[in-house]
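# Architecture and fold: a report
Chain by chain, the residues run as shown.
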Amino acid sequence: MGKEGTLYLLNRSKMGHLCSSCTSRDTQIVQELQRAVGLETGSLIYWNGRVYSSGMGAPIMAWSLSNGLLSNAPVDQSVKVTGGHSPVLSANGTTNGILWQLQGPGTTTSSPLQAFDAITLRRIYDAAQSAGRDSLPPFPHFAQLMGVNGKVYVGTNSSLVVFGLL
């Protein structure tokens, strides 16, 4: 995936190398979806035959993966989010998938954590609506989430914050 928002599907058996007999560039690219996702896209996530993408100021999008190719257009997408951080997905195997996204640059004291149903990409949680209960201290520019055993962990500039069921 490029910073300009292009998705590349590569052949893992042919990751480029020198190809003196190739007639075109980038022969390892199986599929290329130009400007399909937001700029400066975070890491991709795979779950249940779907690939999820997120980018600056773009919706989170779900692409189906079938027969080794991505769908040409997203099969679902969320509302527009500010992005900036790679999402994580928590699930109970192949059910109850939740996509967690840390929004914004991390310079505010209100929590930018949001969660989306992994099937519909409908927002199911927004920490900003918790009346301050779920606020975060400032966090680093490249902050990442981690999901383990039903909890979501966020490293901030001064602490580790854990979100879970009340």
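In this text, all values refer to a predicted model and were calculated from it rather than measured experimentally.

Leaving glycine out, the prevailing phi sign among residues is negative, and the prevailing peptide bond configuration is trans. Backbone geometry places Asn-48, a non-glycine residue, at a positive phi of 50°. By the secondary structure assignment, Asn-48 is in the loop between strand S3 (45–47) and strand S4 (50–53). Its identity as a non-glycine residue notwithstanding, Asn-67 has a phi of 55°, on the positive side. Topologically, Asn-67 is positioned in the loop between strand S5 (59–66) and strand S6 (69–70).

Quick look at the pattern of salt bridges now. In this structure the tally under the stated criterion is three salt bridges. Here Asp-76 and Arg-50 are joined by a salt bridge, their closest N and O atoms 2.7 Å apart. A residue pair is termed long-range when its members are at least 10 positions apart, and Asp-76 in strand S7 (residues 76–80) and Arg-50 in strand S4 qualify at 26 residues. When its relative accessible area of 24% is taken as the criterion, Asp-76 is described as partly exposed.

Neighbouring strands of a sheet are bound in pairs by backbone hydrogen bonds; such pairs are parallel or else antiparallel. If you walk across this open sheet you meet the four strands as S8-S9-S10-S11, and the pairing is antiparallel. Sheet topology places strand S8 (88–92) and strand S11 (123–126) at the edges, where each strand pairs with a single neighbour. Between one strand axis and the next, the sheet turns through 20° on average, direction left out of account.

Calculation rules
- Residues numbered from 1 in each chain as written.
- Predicted model: local features only at pLDDT ≥ 70, side-chain atom pairs only at ≥ 80, totals over all residues.
- Heavy atoms only, no water.
- Helix = DSSP H or I, 4+ residues; strand = E, 2+ residues; numbered from the N terminus.
- Salt bridge = Lys/Arg side-chain N within 4 Å of Asp/Glu carboxyl O.
- Buried < 20%, exposed > 50% of the residue type's maximum accessible area, 1.4 Å probe, protein only.
- Pairing = 2+ DSSP bridges.
- Axes fitted to C-alpha atoms, helices over the stretch in contact; angles between N-to-C directions.

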